[in-house]
Amino acid sequence: PAQALLPLNPFRSGAAGANTVISVTEFKHNRTTGDTVRFRSTEAFDGITTTVLESSNGYTITVVDDNEYKFTSTGTATTGDITGGGSTATAGPTS
């Protein structure tokens, strides 16, 4: 699958602290729990850097519903429950 453009500020941080769980809004994503997704063209938010968000290994996701999934990041959320990621973020395969 190709890179999919995500909606404005598609990420939401979980609780403040290390290895925060990040929820991702991607409408009609057709993804499955266990899929690996790599994000590109992101903007840092809530203390989570673009380097963390754009990990070349991607992240294994857990599907929440048809429009949302989540993953455990290697980043540390400063505040928690903050949305961000910018207007050009994409989600797709690792290569």
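Structure: see above.
Residues numbered from 1 in each chain as written. Predicted model: local features only at pLDDT ≥ 70, side-chain atom pairs only at ≥ 80, totals over all residues. Heavy atoms only, no water.

(A) Representation of the environment of leucine 6. With respect to the helices and strands, leucine 6 occurs in the loop between β1 (4-5) and β2 (11-13). By relative accessible area, leucine 6 is classed as buried at 3%. Each C-alpha atom of the pair leucine 6 and aspartate 66 lies 14 Å from the other, and the pair is 60 residues apart in sequence. Excluding anything up to four places from it in sequence, leucine 6 contacts Phe11, Val24, Thr25, Glu26, Phe39, Ala89, Thr90 and Ala91. (Helix = DSSP H or I, 4+ residues; strand = E, 2+ residues; numbered from the N terminus. Buried < 20%, exposed > 50% of the residue type's maximum accessible area, 1.4 Å probe, protein only. Contact = heavy atoms within 4.5 Å.)

(B) Molecular detail of the sheet that holds β1. One open sheet accounts for 4 strands, arranged β1-β11-β5-β6; its pairing is antiparallel. Two strands lie at the open edges of the sheet, namely β1 and β6 (59-60), each paired on one side alone. When strand β5 (residues 36-40) meets β6, the two strands line up antiparallel, connected through 2 bridges. The residue of β6 that forms the bridge with valine 37 is tyrosine 59. (Pairing = 2+ DSSP bridges.)

(C) Structural detail: the packing of aromatic side chains. Tallied over the full model, the rule gives 4 aromatic pairs. Three or more aromatic residues joined by ring pairs make a cluster, and in this case those are Phe11, Phe39, Phe45, Tyr59 and Phe71. (Phe/Tyr/Trp six-rings, centres within 6.5 Å; stacked < 30°, edge-to-face > 60°.)

(D) Up close: the sheet that holds strand β7 (residues 62-65). Strand order in the open sheet formed by 5 strands is β7-β8-β4-β2-β10, with antiparallel pairing between adjacent strands. Because the sheet does not close on itself, it has two edges, and the strands there are β7 and β10 (83-84). Bridge analysis of strand β4 (residues 21-25) against strand β8 (residues 68-72) gives 5 bridges, and the strand direction is antiparallel. By the bridge assignment, threonine 25 is partnered in β8 with glutamate 68.

(E) Highlighting the pattern of salt bridges. Summed over the entire model, instances satisfying the criterion amount to 3 salt bridges. The salt bridge partner of arginine 12 is glutamate 68, with a shortest N-O separation of 3.5 Å. Of the two residues, arginine 12 sits in strand β2 while glutamate 68 sits in strand β8, which places them 56 residues apart along the sequence. According to the relative accessible area criterion, glutamate 68 is buried, its value standing at 17%. Measuring nitrogen to oxygen at the nearest pair gives 2.9 Å for the salt bridge that ties glutamate 26 to arginine 31. The pair formed by glutamate 26 and arginine 31 is uniform in burial state, with each residue classed as buried. A network of salt bridges, in which partner residues are shared, links Arg12, Glu68 and Asp81. (Salt bridge = Lys/Arg side-chain N within 4 Å of Asp/Glu carboxyl O.)

(F) Expanded view of the side chain of aspartate 46. Positionally, aspartate 46 belongs in the loop between β5 and α1 (50-53). Within the buried set, aspartate 46 has no salt-bridge partner at all; the shortest N-O distance to an opposite charge, 9.8 Å, is to arginine 12. A polar contact of 2.9 Å, which involves the side chain of aspartate 46, links it to the backbone nitrogen of glycine 80. In this structure aspartate 46 touches Ser13, Thr76, Ala77, Thr78, Thr79, Gly80, Asp81 and Ile82, once residues within four positions along its chain are discounted. (Lys, Arg positive; Asp, Glu negative; His and termini not counted. Polar contact = N/O pair within 3.5 Å; in protein donor to acceptor, adjacent residues only side chain to side chain.)

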